[in-house]
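# Residue-level structure breakdown
This is what each chain is made of:
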2 protein chains.
Amino acid sequence: MTAYEKLESRFRRHSIVQGAMAVLHWDSAVMMPLGGASARSDQLAELALVCHEILTAPDFQELLNAAEGEVEKLDEWQDTNLAEMRRRWLHANAVPAELVRRLSEASSACEIAWRDARAQDDFEAVRPHLELIVDLTRQSAQAKSEHLGCSPYEALLDEYDPGSRIADIEPLFNELAEFLESFIGEVVESQGRHPRPVTPRGRFSVEAQRRLGENLMRRLGFDFERGRLDTSHHPFTGGIPEDLRLTTRYDEDDFTSGLMAVLHETGHALYERGLPAKWRHQPVGSSRGMSMHESQSLIIEMQASRSDAFIRYLTPLLRDAFAGDGEEWQTDNLIRVYRQVSPSLIRVDADEVTYPMHVIMRFHLERALIAGDLTVADLPGAWREGMRRALGVEPGDDRDGCMQDIHWFSGGFGYFPTYTLGAIAAAQLFRAAQRAVPDVLSGLEIGDFRPLLSWLRENVHDLASRYTPQDILTRTTGRSFDIEVFKTHLRDRYLD
Amino acid sequence: MTAYEKLESRFRRHSIVQGAMAVLHWDSAVMMPLGGASARSDQLAELALVCHEILTAPDFQELLNAAEGEVEKLDEWQDTNLAEMRRRWLHANAVPAELVRRLSEASSACEIAWRDARAQDDFEAVRPHLELIVDLTRQSAQAKSEHLGCSPYEALLDEYDPGSRIADIEPLFNELAEFLESFIGEVVESQGRHPRPVTPRGRFSVEAQRRLGENLMRRLGFDFERGRLDTSHHPFTGGIPEDLRLTTRYDEDDFTSGLMAVLHETGHALYERGLPAKWRHQPVGSSRGMSMHESQSLIIEMQASRSDAFIRYLTPLLRDAFAGDGEEWQTDNLIRVYRQVSPSLIRVDADEVTYPMHVIMRFHLERALIAGDLTVADLPGAWREGMRRALGVEPGDDRDGCMQDIHWFSGGFGYFPTYTLGAIAAAQLFRAAQRAVPDVLSGLEIGDFRPLLSWLRENVHDLASRYTPQDILTRTTGRSFDIEVFKTHLRDRYLD
């Protein structure tokens, strides 16, 4: 075996163990009884260690050097694969094992403390935990930044979005925030001139919701021989490409959000399922970071499923599923329901228009925390101030303020920007798909996602990590990340 | 860390990864969509390799030698633990890695071929696969026998029942077969003099069966904060002591067998749950082989739950659960239903009296296969002949003959004896429990398993692998494995 082939076989092992972990994660959230939590966390820690040991084997660097000395023998995919291998090796080896261990322990402890502190609305109870996490994360980011040749915050971004840089994100976010500042008001005003949306009322059984969700998943191209739909506290897509485990949650008084969560997660799942089998288990064969991933869920949920075309198709299905009858079950009203814009406190409940403001504020706050410009003690105040400026609303407590998201309290910094980068990319990709394939919109009218899915397979899924997100967008749309299309989309959808 | 402590920490890792595998196994049987099978088998193979690598690390033998050189520093539990470590190391290292790999591949291939061959009743289709397995198993058993200092077949027994020897089993089985040869006829004759049992008829919803099963599990002391009950093709107990995953299967026309399966599996689960937390993850802390395990399921299912006392308690619960009404819902009839004896072809459907004959025949056949005294080609004929002599029935095809059990076709030789050793031990332990704790039987009258469970905890579960099964029995009953109590139990229960 060549050095490159040896590396491929190690990453294969790595990926297979990661796949086992993904199933165990899903089980934790969906099946596991409470008393199993501690043993499960031992299992996941042990398997994480197995993965870490694969990437920190003493001869790994030698193999990378040897393979990089023979790049002329590699094709383009292999070449990109090798570069991704180097990047993953850097992430695993840049940080001393002791720091990795301490950060992992601190994250587990903080997450537990956060659940209680949030329930009690007691930020002080979780503050010391979060301070320790910020401190250790800064050390880890510093160590990685030296090896990756970027700033500490960028080293954190890089874990979720390889190659992501502040210089790319900041101008986009500034421009978008400036646009939204006035746009949100215009939309709210415009919606005030129309009939108020009426959310359908009734008793919507879990069973009926689940059946409808599964039907729509099939329409979208989801293969139930290779996955399941279950219930969890927060919707997510877990498992592996051959066996995708989706979840949603059901509210028997309101089907609207659980159903959209199913469509959102199906977008994630179709991306994973569409990745090239040939490169399965190799870094180049995995999804291209969380921004692209979010673009795939949002192109299904926001771009396609909230389009007039699809909601027209959906209307009779909803009436059938829930024996709905009356004005509120008309397409016009359902469109208004699915497009209500209203500045609010909670990110996960936010609409398409105000959502980026939640993200942009978190982007600034987490950068400041990592840079040392903001202390954890000052976070609650900075949050309230940020929300007031961003959306003109201010949380009355920290539960609906800086304690609402799990990310930081479980050690996740640098993730938030991917939500909005994904939304921007989704708009660009959806327009490109419509231009390239005239059937995309007319397909949605009859619940046929195949034209859209074929285009996504060819232009996004098949490419896996062969290109950067910027290159994927440029190949298909002629531009890198660009908020113009997103702005146009918002204007077209939300203003008269 | 001392050498002994280093070994403890390696076995801890080994056990945690095994625990992860147990959850993945459960998921395969209960949750996984068909399309995930191949990826799952990659995951399990990879984790098996991780476990194998732990036990075959180059310095492992040195650590064992060093620890064995310092036994004076160890207490009795640690001493037994060290001996078990050596035994596990021997099993892992005695067989060349290449042979392990070939046997594992051959087993997977044979199991797949067996499913088809069984469905088609085509033994010839699976014959070459089974020949390869027997061949490789003989090589593996030969290699292990040299290191363990026993015969090749005993090396196979040793995997399921450490220290199990033919000289212990054969006299028991001979004596039991001789007893049953006439006893079965006597029972059948005796039952002919009584009213025929009438199996309750009706539509027994899965939901009602599940609810009753869960109620009885609670009565038995099962903690649903630390486990679940689900459905699978064959009932089993999976998971880990902190998170036990039980399964059964439901027949909506007949609740009797699914319900007993729940009680049987709960017996297994209570054993796992009762193992000493102090020795969790150490060899000495695990269950003492499959015979003791089966004794724990059978003491619940056969000894306790089919007693007059418990069936009296169960009768109104059954009537309530299934709205049962009429003669067939009387205790007397239900006792007869749960104690029907009838020589038949299929082991898993066999009653308590004829079951050992199925096992004893398999014990002789698999010994002959491993010794080279019986060829795979001659197996179908030997099976028919064996069944005719053992129970006076002869299968009309191989599907209900030598292809009925998965064991050999998935590479499992040496497992069958544990079923009957477990039944013998269960009878001995149940009598000892009744003598030591007068409340055992009167507890069952009111569905209170606590007196029995407390006794089992103290006399079996708490001891884990500290003693051999022979020693556990001798401590509690004054005798090692001894069929007299089992014979008495059968006579008392099945003859007038």
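Structure report, in brief. (Residues numbered from 1 in each chain as written. Chains lettered and ligands numbered in written order. Predicted model: local features only at pLDDT ≥ 70, side-chain atom pairs only at ≥ 80, totals over all residues.)

## Brief notes about the environment of M292 of chain B
All names here are of chain B. Tracing the backbone through its elements, the reader meets M292 in helix 11 (residues 289-304). Spatially, the C-alpha atoms of M292 and L421 are 8.1 Å apart, while their sequence positions differ by 129 residues. In contact with M292, other than residues within four places in its own chain, are S287, A425, V460, P469 and I472. (Helix = DSSP H or I, 4+ residues; strand = E, 2+ residues; numbered from the N terminus. Contact = placed C-beta atoms within 7 Å.)

## Here's the deal with the relation of the copies chain A and chain B
When chain A is fitted to chain B, the residual RMSD is 0.1 Å, and the transformation amounts to a turn of 179° plus an axial shift of 0.0 Å. Such a turn and shift between the copies fits a two-fold axis. For chain A, the smallest separation between a C-alpha atom and the rotation axis is recorded for L24 of chain A, amounting to 3.8 Å. The overlap is high: 100% of the interface residues of chain A also sit at the interface in chain B, so the same surface is used on both sides. (Least-squares fit on C-alpha atoms with pLDDT ≥ 70 in both.)

## Here's the deal with the interface of chain A and chain B
Across the contact, 30 residues belong to chain A and 30 residues belong to chain B. Of the residues contributing to the side of chain A that touches chain B, the split by class is 14 nonpolar, six polar and ten charged. (Nonpolar A, V, L, I, M, F, W, Y, C, P; charged D, E, K, R; others polar.)

## Quick word on the sheet that holds strand 2 (residues 237-240) of chain B
Residue and element names in this part refer to chain B. In space, the three strands of this open sheet follow the order 1-3-2, with mixed pairing throughout. Lying at the two open borders of the sheet, with one neighbouring strand each, are strand 1 (227-231) and strand 2. Between one strand and the next, the sheet's axes are offset by a mean angle of 20°, whatever the strand orientation. Here strand 1 runs beside strand 3 (residues 243-248); their pairing, made up of five bridges, is parallel. Residue pairing across strands places L229 opposite L246, the latter belonging to strand 3. Packed on one face of the sheet, helix 10 (residues 256-274) meets strand 1, strand 2 and strand 3 and runs near 160° to strand 3. (Pairing = 2+ DSSP bridges. Axes fitted to C-alpha atoms, helices over the stretch in contact; angles between N-to-C directions.)

## Thoughts on the pairing of strand 3 (residues 243-248) of chain A
Residues and elements named next belong to chain A. Most of strand 3 sits inside the fold, with six of its six residues counted as buried. Side-chain alternation along strand 3 places D243, R245 and T247 on one buried face and L244, L246 and T248 on a second face that is also buried. Sheet topology note: the strand 2 (residues 237-240)/strand 3 ladder contains four bridges and is antiparallel. Across the sheet, G238 pairs through a bridge with R245, a residue of strand 3. What sits between strand 2 and strand 3 in their antiparallel hairpin is a turn of two residues. (Buried ≥ 20, exposed ≤ 12 C-beta atoms within 10 Å, placed from the backbone.)

## Remarks on the environment of L63 of chain B
Within the element layout of this structure, L63 of chain B appears in helix 3 (residues 60-68). Aside from chain neighbours lying at most four places away, what touches L63 of chain B is A3, K6 and L7 of chain B.

## Describing the nonpolar core
Residues L130, A423, I424, A425, A426, L429 and L452 of chain A are the most contacted members of the largest nonpolar core, which totals 103 residues. It is helix 16 (residues 417-436) of chain A that contributes the most residues to this core, eleven residues altogether. Counting the residues that make up this core, at least three belong to each of domain 1 (3-160) and domain 2 (164-225 + 274-496) of chain A. Leaving out residues up to four positions away in the same chain, L130 of chain A has contacts with C110, V376, W408 and F409 of chain A. Among the nonpolar cores identified, the runner-up in size contains 102 residues, and A117, A269, L369 and A433 of chain B belong to it. (Core = buried A, V, L, I, M, F, W, Y, C linked by C-beta atoms within 7 Å. Domains from an automatic or database assignment.)

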